[in-house]
Amino acid sequence: MDYKNAGVDIEAGYKAVELMKAHVKETMRPEVLGGLGGFSGAFSLKAIKDMENPILLSGTDGCGTKVKLAFIMDKHDTIGIDAVAMCVNDVVCAGGEPLFFLDYIACGKNYPEKIATIVSGVAEGCKQSGCALVGGETAEHPGLMPEDDYDIAGFAVGVVDEKDLITGKDIKAGDILVGIASSGVHSNGFSLVRKVFEMSAESLNTYYDELGKTLGEALIEPTRIYVNALKSVKAAGVKVKGCSHITGGGFYENIPRMLPDNAVAVVDKNSYEVPAIFKMLQRTGNIAEEMMYNTFNMGVGMVLAIDAKDVDATLKALEASGDKAFVLGKVEAGEKGVVLQ
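Residues numbered from 1 in each chain as written. Predicted model: local features only at pLDDT ≥ 70, side-chain atom pairs only at ≥ 80, totals over all residues. Heavy atoms only, no water.

(A) Region of interest: the overall build of the protein chain. Within the protein chain, the secondary structure is distributed over 12 helices and 14 strands. A burial count over the protein chain gives 51% of its 341 residues as buried. The long-range share in the protein chain, meaning contacts at least 24 apart out of those at least 6 apart in sequence, stands at 85%. When the accessible surface of the protein chain is split by element, carbon and sulfur atoms take 50% of a total near 15,600 Å². Computing the positive centroid from 33 side-chain charges and the negative centroid from 47, the protein chain places the two 4 Å apart. (Helix = DSSP H or I, 4+ residues; strand = E, 2+ residues; numbered from the N terminus. Buried < 20%, exposed > 50% of the residue type's maximum accessible area, 1.4 Å probe, protein only. Contact = heavy atoms within 4.5 Å. Areas by Shrake-Rupley, 256 points an atom, 1.4 Å probe, with all protein chains shown as cover. Lys, Arg positive; Asp, Glu negative; His and termini not counted. Charge placed at Lys NZ, Arg CZ, Asp CG, Glu CD.)

(B) Up close: the layout of surface pockets. One number sums up the size of the second largest pocket: a volume of about 390 Å³. Elements represented by at least two residues in the lining of the second largest pocket include exactly β6 (150-161) and α8 (227-235). Among the residues making up the lining of the second largest pocket, the classes are represented as 10 nonpolar, two polar and seven charged. (1 Å grid on protein atoms, 1.4 Å probe; cavity = no way out; pocket = protein on both sides within 12 Å on 5 of 7 lines; lining within 4 Å. Points joined across faces, edges and corners; volume = space filled by probe spheres on them. Nonpolar A, V, L, I, M, F, W, Y, C, P; charged D, E, K, R; others polar.)

(C) The nonpolar core, seen in detail. Within the largest apolar cluster, 94 residues are counted, with the highest numbers of intra-cluster contacts made by Leu219, Phe251 and Leu304. Broken down by element, this core gets its largest block of residues, 10 residues, from helix α3 (residues 79-93). Val32, Phe43, Ala132 and Val159 belong to the second largest nonpolar core, which has eight residues in total. (Core = buried A, V, L, I, M, F, W, Y, C linked by side-chain atoms within 4.5 Å.)

(D) Summary view of the packing of aromatic side chains. Counted according to the given criterion, the structure contains five aromatic pairs. With centroids separated by 5.2 Å and ring planes inclined at 80°, the aromatic side chains of phenylalanine 251 and tyrosine 293 adopt a geometry described as edge-to-face. Separated by 42 residues along the polypeptide, phenylalanine 251 in helix α9 (residues 250-254) and tyrosine 293 in helix α11 (residues 289-293) bring together distant segments of the chain. For the pair phenylalanine 251 and tyrosine 293, one class covers both residues: buried. Here the basic side chain of lysine 109 rests over the ring of tyrosine 111, its NZ or CZ set 5.9 Å away from the ring centre. (Phe/Tyr/Trp six-rings, centres within 6.5 Å; stacked < 30°, edge-to-face > 60°. Lys NZ or Arg CZ within 6 Å of the ring centre and 35° of its normal.)

(E) How the structure looks around the environment of glycine 216. Tracing the chain through its elements places glycine 216 in helix α7 (residues 215-220). Non-local contacts of glycine 216, meaning those with residues more than four positions away in its chain, are made with Leu69, Met73 and Leu204.

(F) How the structure looks around the pattern of salt bridges. Using the criterion set out here, one finds 21 salt bridges in the structure. The partner of arginine 283 in a salt bridge is glutamate 210, with the nearest N and O atoms 2.9 Å apart. Note that arginine 283 is positioned in helix α10 (residues 276-285) and glutamate 210 in the loop between β8 (207-208) and β9 (213-214), a separation of 73 residues in sequence. Judged by its relative accessible area of 40%, glutamate 210 is partly exposed. In this structure, lysine 336 engages aspartate 261 in a salt bridge whose closest nitrogen and oxygen atoms are separated by 3.7 Å. Of this pair, lysine 336 sits in the loop between β13 (325-333) and β14 (337-340) while aspartate 261 sits in the loop between α9 and β11 (263-267); the two residues are 75 residues apart in sequence, bridging distant segments of the chain. Owing to a relative accessible area of 38%, lysine 336 belongs among the partly exposed residues under this scheme. (Salt bridge = Lys/Arg side-chain N within 4 Å of Asp/Glu carboxyl O.)

(G) Focus on α10. Of the positions making up α10, those classed as buried are Ile277, Phe278, Met280 and Leu281. All buried residues of α10 lie within an arc of 160° about the axis, which places them on one face of the element. Each element contacted by the buried residues of α10 is listed here: α5 (190-196), β8, α7 and α11. Just beyond α10, the residue with positive phi is asparagine 286, at close to 50°. (Arc of directions from axis to C-beta.)

(H) The arrangement of the sheet that holds strand β10 (residues 242-245) in detail. In spatial order, the strands read β10-β12-β7-β13-β11-β14; together these six strands make up an open sheet with mixed pairing. The open sheet has two edge strands, β10 and β14, and neither has a second partner. Across the sheet, the mean angle separating the axes of adjacent strands is 25° when strand polarity is ignored. Where β10 lies against strand β12 (residues 300-306), four bridges are found, and the strand directions are antiparallel. In the sheet register, serine 244 faces β12, and the bridge partner there is valine 303. Each of β10 and β12 touches α3; the most contacted strand, β10, lies at about 165° to it. (Pairing = 2+ DSSP bridges. Axes fitted to C-alpha atoms, helices over the stretch in contact; angles between N-to-C directions.)

(I) Representation of the packing of α8 against helix α12 (residues 311-320). Where α8 contacts α12, the two axes come as close as 8 Å, and the packing angle between them is 135°. One way to sum up the angle between α8 and α12 is to call them oblique. The chirality of how α8 crosses α12 is right-handed. Residues Ala229, Ser232 and Val233 of α8 form the contact with α12, whose participating residues are Thr314, Ala317, Leu318 and Ala320. Classifying every residue of the contact of α8 with α12 gives five nonpolar, two polar and no charged. (Parallel < 35°, antiparallel > 145°, perpendicular 65-115°, else oblique. Left-handed = near helix turned anticlockwise from the far one by under 90°.)

Below you can see the structure in the form of structure tokens.
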């Protein structure tokens, strides 16, 4: 008896690392010390020592049951982008710059080519967000997970100068809410999605005119990363008072997380066009509107609270970063929460 007969293929692990090295190398920043393969990732803080009061930020998340979609479609090159996005988008909500990222992949059996493909997506997400992939772990779990299954989670660390920290404490009545468009369902609500739509290759490969693509293509579209969007707004001289990443819990749970106790967010549902995939979800699943806004991002991946005088500059900066943005609503005095009208 040996480890391979017990279900863990050490040689496959070595091969997976070799295959992913080229992807990881593309994410390196000057602050990264050493290479891939050590017991920890080293990152120099020399570049941030000139900040008045540097504050480290961290975020960890996964992709939820969206990975089931990747299994069925046998498409594994974008799920890593989702893992990075879910973490770095939380970091930038506080005004931070993501510095480095680590991934954790648990699998029933280590198929090196598949693992390397997943990591290629992680590397792409890191490149999009400007952070380095400094390490990770691929854990083979025979007997615990089916051989073809895997799960992925990530961990991001960023930094912000205290004076640039976004806390929401200065939000007041009269401030404007700016929505930044999502790329689709992102990585939340897939337990409901999988109940609404048949999760078969035939169903996911069906083309829909209203989507302009197959159902599977619409659903697996990776989560948009908003690092450059927030950098562009900051470079335009705009002070972002509050920032909310619209993830699980939709509008109702996430927007209040940036509000002080005496402010209510009033959202105009007609201020933008809800993407077709959400309309199809609601129609096919006969889902109540309130549940839709309490589960999905409904086409809005990030919400910013800014002073009314900064609206034009903010929209212009977001357009320059390649993002679609719109005035989503306003802040009024009242009990903390969200009102959709």
